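So the chains spell out like this:
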Amino acid sequence: MSMPLQQPANRSPLNQIPPHGGELKNLYLSPENVEDARQQGLQLKSWTLSDRQICDLELLMCGGFSPLEGFMTQQDYEAVVEN
């Protein structure tokens, strides 16, 4: 005899687990802002990123690291290490 499955209490009406921090961050540019950002980017210093760094950026942009919106600064990092 099988027991009926129950929906976990933390699921939303669409059967989705709520994002950590309560808000899913989507950091992709809207289509109307892409060209302006591309032109601004031409003036910035560039780096060659590793596959791991690219993966981290992709996860940050699509909300995989929500509620984070960016990387730690050196000062933030040192405070975490100290405490």
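Residues numbered from 1 in each chain as written. Predicted model: local features only at pLDDT ≥ 70, side-chain atom pairs only at ≥ 80, totals over all residues. Heavy atoms only, no water.

Engineer: Account for the pattern of salt bridges, with residues named and values stated.
Structural biologist: Taken as a whole and assessed by the stated rule, the structure comprises four salt bridges. The closest approach of N and O atoms between Glu69 and Lys25, which form a salt bridge, is 2.7 Å. Here the residue Glu69 occupies a position in the loop between helix H2 (51-62) and helix H3 (74-82), and Lys25 occupies one in the segment before helix H1 (34-41), the gap between them amounting to 44 residues. Lys25 gets classed as buried once you look at its relative accessible area, which sits at 13%. Close ionic contact of Arg38 with Glu35 constitutes a salt bridge, the shortest N to O distance being 3.1 Å. Note that Arg38 and Glu35 are positioned in helix H1 at a spacing of three residues, about one turn of the helix. Each of Glu23, Lys25 and Glu69 takes part in one network of salt bridges that share partners. (Salt bridge = Lys/Arg side-chain N within 4 Å of Asp/Glu carboxyl O. Helix = DSSP H or I, 4+ residues; strand = E, 2+ residues; numbered from the N terminus. Buried < 20%, exposed > 50% of the residue type's maximum accessible area, 1.4 Å probe, protein only.)

Engineer: Pulling in residues and values, what's your account of the side chain of Asp56?
Structural biologist: As for its position among the elements, Asp56 is in helix H2. Note on Asp56: relative accessible area 18%, which makes it buried. The contacts of Asp56, once residues within four sequence positions are left out, are Phe65 and Phe71. (Contact = heavy atoms within 4.5 Å.)

Engineer: How would you sum up the layout of surface pockets? Please name residues and give values.
Structural biologist: Empty space within the largest pocket amounts to approximately 270 Å³. The element contributing the most residues to the lining of the largest pocket is H1, with three residues. Of the residues belonging to the lining of the largest pocket, the class tally is five nonpolar, no polar and one charged. (1 Å grid on protein atoms, 1.4 Å probe; cavity = no way out; pocket = protein on both sides within 12 Å on 5 of 7 lines; lining within 4 Å. Points joined across faces, edges and corners; volume = space filled by probe spheres on them. Nonpolar A, V, L, I, M, F, W, Y, C, P; charged D, E, K, R; others polar.)

Engineer: Just give me the short version of H2, but keep the residues and values in it.
Structural biologist: Compared with the 16 Å implied by 1.5 Å per residue over twelve residues, the 17 Å span of H2 between its first and last C-alpha is a close match. One or two steps after H2, the chain reaches Gly63, where phi turns positive at roughly 100°. (Expected span 1.5 Å × (residues − 1).)

Engineer: So, the state of the cysteines: which residues are in play, and what are the values?
Structural biologist: As used here, a disulfide is simply a covalent bond connecting the sulfur atoms of two cysteines. Applying the stated criterion across every chain yields a total of zero disulfides. Not part of a disulfide, Cys62 finds its nearest cysteine sulfur in Cys55, a span of 9.0 Å. For Cys62, a relative accessible area of 39% corresponds to the partly exposed category. (Disulfide = S-S within 2.5 Å.)

Engineer: Please give an account of a nonpolar patch on the surface that cites residues and values.
Structural biologist: On the surface, a cluster of nonpolar side chains totalling about 770 Å² of accessible area is made up of Leu27, Tyr28, Trp47, Leu49, Ile54, Leu57, Met61 and Phe71. Inspection of the secondary structure puts Tyr28 in the segment before H1. (Patch = residues over 30% accessible without salt bridge, like charges linked within 9 Å, V, L, I, M, F, W, Y side chains within 5 Å. Areas by Shrake-Rupley, 256 points an atom, 1.4 Å probe, with all protein chains shown as cover.)

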